Amino acid sequence: MAGRINDDDVKAVRDAVPIDAVVSDYLQLRSAGGGNLKGLCPFHDEKSPSFQVSPSKGLFHCFGCQEGGDTIAFVMKIDHLSFSETVERLAAKAGITLRYEEGGYNPASQRGERTRLVEAHKIAAEFYVDQLSGPEAETGRKFLAERGFDQAAAEHFGVGYSPAGWDHLTRFLRGKGFTDKELLLSGLSQDGRRGPIDRFRGRLMWPIRDISGEVVGFGARKLREDDNGPKYLNTPETSIYKKSQVLYGVDLAKKDIAKASRAVVVEGYTDVMACHLAGVTTAIATCGTAFGGDHIKILRRLLMDNGSARVIFTFDGDAAGQKAALRAFEDDQKFAAETYIAIAPEGMDPCELRLAKGDEAVQDLVQPRTPLFEFAIRQIVSRYDLETPAGRAAALDEAAPIVARIKNGSSQHEVAVQLAGILGILDTQFVVKRVAQMARWARDRGGRGPASAPERRSQQSQSYGAPAPQGPTGPALNLRSPAHRTERELLKLALQRPELVSPAFDAYGEDEFTAPPYAAVRRAIEDAGGAEQGLESAPEYLARVREAAPDDAVRAMVTELAVEVFHGKTIDEVYAGQQLVQVRLRAVDRRVRDVTSTLTRLGTQSDPDHYAAVQKELWVLQQYGQSLRNDGAAAL
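Predicted model, so just to flag it, every value in this text is computed and none were measured.

## Side note on the overall build of the chain
Argument step 1. Helix and strand counts for the chain come out as 28 helices and 18 strands.
Argument step 2. Every one of the 636 residues in the chain was classed for burial, and the buried ones make up 49%.
Argument step 3. Restricting to contacts in the chain with at least 6 residues of sequence separation, those with at least 24 account for 66%.
Argument step 4. Summed over its atoms, the accessible surface of the chain is roughly 29,700 Å², and 49% of this surface lies on carbon and sulfur atoms.

## Remarks on the pattern of salt bridges
Argument step 1. One pass over the full model with this rule turns up 33 salt bridges.
Argument step 2. One salt bridge in this structure joins E214 and R114, with 3.3 Å as the shortest N-O distance. Of this pair, E214 sits in the loop between β11 (203-209) and β12 (215-222) while R114 sits in helix α6 (residues 113-131), and the two are 100 residues apart along the sequence.
Argument step 3. Across the pair R147 and E146 runs a salt bridge, and its minimum N-O distance is 3.7 Å.
Argument step 4. With a relative accessible area of 47%, E146 lands in the partly exposed category.
Argument step 5. Residues joined by salt bridges that share partners form a network here, namely R488, E489, K492, E560 and E564.

## Examining empty space enclosed by the protein
One simple way to see leftover space: roll a probe sized like a water molecule over the atoms.
Argument step 1. Considering all chains together, one arrives at one cavity of 30 Å³ or more under this definition.
Argument step 2. Taken as a whole, the largest cavity spans an internal volume of roughly 50 Å³.
Argument step 3. What lines the largest cavity is H156, F157, P207, R209, Y248, G249, D251 and L252.
Argument step 4. Every element with two or more residues in the lining of the largest cavity is listed here: α8 (151-157), β11 and α11 (250-260).
Argument step 5. Across the lining of the largest cavity, the residue classes tally to four nonpolar, two polar and two charged.

## Points about the sheet that holds strand β2 (residues 30-33)
Argument step 1. Here we have five strands laid out as an open sheet, ordered β2-β3-β4-β5-β6, and antiparallel in their pairing. Here the strands that pair on one side only, and so sit at the sheet edges, are β2 and β6 (68-70). Ignoring which end each strand starts from, the neighbouring axes of this sheet average 25° apart.

## With respect to the nonpolar core
Argument step 1. Core analysis: the biggest nonpolar cluster contains 51 residues, and F51, F74 and L299 have the highest contact counts within it.
Argument step 2. By residue number, the principal contributor to this core is helix α13 (residues 293-303), which donates five residues.

## Points about the packing of aromatic side chains
Argument step 1. This structure, assessed with the given rule, holds 18 aromatic pairs.
Argument step 2. On the basis of an interplanar angle of 70° and a centroid distance of 5.6 Å, the ring pair of Y26 and F74 is categorised as edge-to-face. Of this pair, Y26 sits in the loop between α2 (19-23) and β2 while F74 is found in helix α3 (residues 71-79), placing the two residues 48 residues apart along the sequence.
Argument step 3. F74 sits in the buried class, given a relative accessible area of 0%.

## Brief notes about the side chain of T71
Argument step 1. Tracing the backbone shows T71 in helix α3.
Argument step 2. Under the relative-accessibility criterion, T71 is labelled buried at 2%.
Argument step 3. Not counting residues within four places of it along the chain, the set of residues in contact with T71 comprises V17, I19, V22, G58 and L90.

## Some words on the sheet that holds strand β14 (residues 262-266)
Strands in a sheet are paired, the pairing made by backbone hydrogen bonds, and the direction either parallel or antiparallel.
Argument step 1. Strand order in the open sheet formed by five strands is β15-β14-β16-β17-β18, and the pairing between neighbours is mixed. Across the chains shown, the open sheet's two edge strands, defined by having one partner strand only, are β15 (283-285) and β18 (370-371).
Argument step 2. The pairing of strand β16 (residues 310-313) with strand β17 (residues 338-341) spans four bridges and is classified as parallel. Considered in β17, the bridge of R310 is made with E338.

## Brief notes about α13
Argument step 1. Of all eleven residues in α13, eight are buried, a share of seventy percent or more.
Argument step 2. Residues of α13 that are buried include every one of H295, I296, I298, L299, R300, R301, L302 and L303, and no others.
Argument step 3. Packed against the buried residues of α13 are β2, α11, β14, β15 and β16.

Cut-offs used in this document
Residues numbered from 1 in each chain as written. Predicted model: local features only at pLDDT ≥ 70, side-chain atom pairs only at ≥ 80, totals over all residues. Heavy atoms only, no water. Helix = DSSP H or I, 4+ residues; strand = E, 2+ residues; numbered from the N terminus. Buried < 20%, exposed > 50% of the residue type's maximum accessible area, 1.4 Å probe, protein only. Contact = heavy atoms within 4.5 Å. Areas by Shrake-Rupley, 256 points an atom, 1.4 Å probe, with all protein chains shown as cover. Salt bridge = Lys/Arg side-chain N within 4 Å of Asp/Glu carboxyl O. 1 Å grid on protein atoms, 1.4 Å probe; cavity = no way out; pocket = protein on both sides within 12 Å on 5 of 7 lines; lining within 4 Å. Points joined across faces, edges and corners; volume = space filled by probe spheres on them. Nonpolar A, V, L, I, M, F, W, Y, C, P; charged D, E, K, R; others polar. Pairing = 2+ DSSP bridges. Axes fitted to C-alpha atoms, helices over the stretch in contact; angles between N-to-C directions. Core = buried A, V, L, I, M, F, W, Y, C linked by side-chain atoms within 4.5 Å. Phe/Tyr/Trp six-rings, centres within 6.5 Å; stacked < 30°, edge-to-face > 60°.

In structure tokens:
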């Protein structure tokens, strides 16, 4: 059984790996003010960024879906890892050697499955690279050279070669301590008559990396005449490789995609290489599958949907390329970016274009050309005879629903006018009204575009998925309520700036917080040792408070309050004192009302001693309340 990772080592990992550096591997972050960063949430679809990261506190929180936590929680969530797998990955990145309790550390038996499979792929990639320089790989080197790729290019992209024998890699990985079960699970080996054999044999190999740069699969190109397999063979679906969720080259392109707010989608591995070597370093490609919704999610997080973002598709000019472009247009409205299509002269792909006409031709190719919607419409109407009224009417019937899918009203109107021109229909307003009518019908039916009922159900299923997670339980928090707003500010101070409210805050009881979620957070702070604990190490203090939370809902609320910006312009002792006084004063006023009500019920006929005691309590409360009003924080 795997040993437990030493608590001090977990803390060291959490402190050593900045959360903003980790999150930036998956999405583009920009300043949110107050030292925080913001971006599009990777855990749910959104148009404007509600996902915030606080580097100083080591926390993230999405104000849209309520996901939140520290660096470890983020990696666990986004990469579907266990706690130990996540700590091991982050420790490797930070160069920290982990200690394991309850039996010591045995790498072969104690690492998580995903960690083992990723490590196997990393070693396999190095193995393939070494093989590319051998005599057997001459055909592979020739293939690369014929396409304009030298040794430096091959090394930059990690291109390698898989030997033609049955089990060269399998035996090599066994020698590194990997079991047959792990080799089969990884997809690097497959069952043979006498045990596992290599899946890839005698092929040129491209490592496929996820957005964080880890090798999770391979694309293999056939080189030999006697190879009866497909031209390109990819890693099968595994626990670490889902072809619909990876983009080849995204690990190299992500920074430039985020910086330029621009992405170029090409069709193959050599096209990505050609683009990058030609200076188009925002090029990426799918891995043996059509460009779809999951790929869009990856790009949207990098592009930040800032209004000026552009995505350029460079599909081949043949029938298959045109079909791929139309498939891409089906998902076009999931982008907030503008989408274009670029087709090279004579139907060449970027790799062929670079060989024939040089780097400048590739750079010119990916300058935005034809909007994707225009290309899609022209492909549709090209199937009809526009010289006849019947042909124009039939083309309009098929093209109008496409235009009606455009969500932006002004853009929809503009494209409808262009459609009228393409069709040769002189009555432009007729086409505009037809498109608007179809869009209205779709909205009335609840669909996302003019489509049949089964299509709409499928679209809604893909778009909305499972119900959104619920936030903290209890009555709705009304921030217009002065009480709730002040209680929230005080809790934010206790979590973010404990030096401003300590030690006074630790004397506040749960009953001084009227919203149940806020009372639960107050209790978690108390269970973690109080706000005074935050005077030493903020990340460690916040981690303790989150661990003390009784459930995920309260834990999410802690994270939310720990990263939310303050309402005040100047956050200092004066501001903190105002929040302390207001929360305490409202609690005192509530108690005054309760005691006054008790006195009224008791009446003068009750036990004199009891009545006098209640009267005394009321007098003390009233005096304390008056002191708070007159003296402010000095009366606490």
